[in-house]
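Residue strings, one per chain:
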Amino acid sequence: MHTDTLQKIQAAARDRNLILVVHANSVDSWRSALDAHPDIIAHGLWVWPGDPDKSAPSPAAKEVIAAAGRAATHVQPTLQTVAGESAMIDPSLLDDPRLSRSLPRAVIFYLRSTEGVNARTLLLDEYRKASPPPGFEILLKAAIERTKATFKLMLEDHVPLVFGSDTPGVDGFGNPPGLNGRLELQDWADAGAPLALILRAATLDNATALGLSHEIGSIEVGKRADLLLLNENPLTNVSAYDSIETIFLNGEPIARETLRPHN
C-alpha cells in the first residue's frame, strides 16, 4: 500500500484503539510500513531488487532493518513461511512423528499415497514453470537463506521480535496448522536467537505488541491463565516445546492427548 494510505489507516486504528499490523516482506513494503509507524510488521524480509538467487542482504535491506530497530517497531519474522515450501522438494516432513499431532492420519496417508505424491509433483511442476532462471529450486534456496540472513540482522539491530507462524493458503503441506509454529521456533533457534528471547517473544512480547499484556503474556495474579505446562525447560533447549504435558485454557486443564486430531 502507498504510505499515505497506510498513514490514514493508522490514524483510524488509533482513533478506535486498534493495533495496526502491516503485511510486508520486501524492502519497498517495509519502507512504506515504517513510514506509517505500524505496531507490527508481519513477515520477515526476503524480497529486494537484484539477482534473486543471491542471498546476501542488500544495503537497502540492511537499512530498513536498522530503521525498524531504531523505531522499535515489532516484527514477526515468519521464517517458516518460506522454509515450508521446500516440502514440495523434500517430503521428509511426512516422517516427523509430531505431524500426527496436527494432521489426521487419513490426511497423512493421502499425502503418502500415489494420488498425494502425484498432486505434490504437479504442484512442484507448476512452480518450476512459473519460476524464472535459474529455476525454482535455486531461487527457493536463496529465499530461505535470505530469511535467515535478515533475521540475524534483526537480532543484531535489536529489532523487537514477536512470535508468529503462517500457514499459506496453497496446496503444499510444509506449513501444517498446529506444527508450523513449532517449526518456526526451531528456525529461530537455528538462526541464533537466544532461548530466552524466543520464550519472551512467544509470550509477554507478543501480548505487549497487541496491547494485551494486562490480560495475558505472563503468569501473574489477575491475568488469564492460558498456559502450557512443559516437562522440560525451554531456557535450556528449544526441544522443550515438544514436551507439553498439560494445556490450561482460562485456568481449565486440558490433557494434551485429548487434543490429537480425529481420524
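See above for the structure.
Summarised in this report is the structure supplied together with it.

The rules behind the values
- Residues numbered from 1 in each chain as written.
- Predicted model: local features only at pLDDT ≥ 70, side-chain atom pairs only at ≥ 80, totals over all residues.
- Heavy atoms only, no water.
- Pairing = 2+ DSSP bridges.
- Helix = DSSP H or I, 4+ residues; strand = E, 2+ residues; numbered from the N terminus.
- Axes fitted to C-alpha atoms, helices over the stretch in contact; angles between N-to-C directions.
- 1 Å grid on protein atoms, 1.4 Å probe; cavity = no way out; pocket = protein on both sides within 12 Å on 5 of 7 lines; lining within 4 Å.
- Points joined across faces, edges and corners; volume = space filled by probe spheres on them.
- Buried < 20%, exposed > 50% of the residue type's maximum accessible area, 1.4 Å probe, protein only.
- Contact = heavy atoms within 4.5 Å.
- Core = buried A, V, L, I, M, F, W, Y, C linked by side-chain atoms within 4.5 Å.
- Parallel < 35°, antiparallel > 145°, perpendicular 65-115°, else oblique.
- Left-handed = near helix turned anticlockwise from the far one by under 90°.
- Nonpolar A, V, L, I, M, F, W, Y, C, P; charged D, E, K, R; others polar.

Quick notes on the sheet that holds strand E5 (residues 244-249)
Strand order in the open sheet formed by three strands is E4-E5-E6, with antiparallel pairing between adjacent strands. Both edges of this open sheet fall to strand E4 (227-230) and strand E6 (252-255), since each of them pairs with a single strand only. Each adjacent strand pair in this sheet contributes to an overall mean axis angle of 25°, direction not counted. Relative to E5, E4 is paired through four bridges, and the arrangement is antiparallel. Looking at E5, one finds that Leu 229 is bridged to Thr 246.

Focus: the layout of surface pockets
What the largest pocket holds in volume is close to 1,300 Å³. Lining the largest pocket are 33 residues; nearest its centre among them are Leu 227, Leu 228, Leu 230, Tyr 241 and Ile 244. Of all the secondary-structure elements, those providing two or more residues to the lining of the largest pocket are helix H8 (180-190), helix H10 (204-209), E4 and E5. Residue contributions to the lining of the largest pocket peak at four residues, all from E4.

Observations concerning the environment of Ile 108
The topology assignment puts Ile 108 in helix H5 (residues 105-112). Look at Ile 108 and you get buried, because its relative accessible area is 10%. Distance in space between the C-alpha atoms of Ile 108 and Asn 17 is 43 Å, their sequence separation being 91 residues. Aside from chain neighbours lying at most four places away, what touches Ile 108 is Leu 99, Ser 100 and Leu 103.

As for the nonpolar core
Residues Trp 30, Leu 45, Phe 151, Leu 161 and Trp 188 are the most contacted members of the largest nonpolar core, which totals 35 residues. At the level of secondary structure, the elements contributing two or more residues to this core comprise helix H2 (27-35), helix H3 (59-71), helix H7 (136-156), H8 and helix H9 (195-201). At five residues, the largest contribution of residues to this core is made by H3. Among all residues touching Leu 161, those that are not within four sequence positions of it are Val 75, Pro 77, Phe 151, Met 154, Leu 155, Trp 188, Leu 197, Ala 201 and Asp 205. Leu 94, Leu 111, Phe 173 and Leu 179 belong to the second-largest nonpolar core, a separate cluster that totals ten residues.

Description of the packing of H2 against H3
Where H2 meets H3, the axes come as close as 10 Å, and the angle between the chain directions of the two elements is 25°. With respect to H3, the element H2 is oriented roughly parallel. Seen along the crossing, H2 lies across H3 with a hand that is left-handed. Contacts between H2 and H3 involve Val 27, Trp 30, Arg 31 and Leu 34 on the former and, on the latter, Ala 60, Ala 61, Glu 63, Val 64, Ile 65, Ala 67 and Ala 68. Residue composition of the contact of H2 with H3, grouped by class: nine nonpolar, no polar and two charged.

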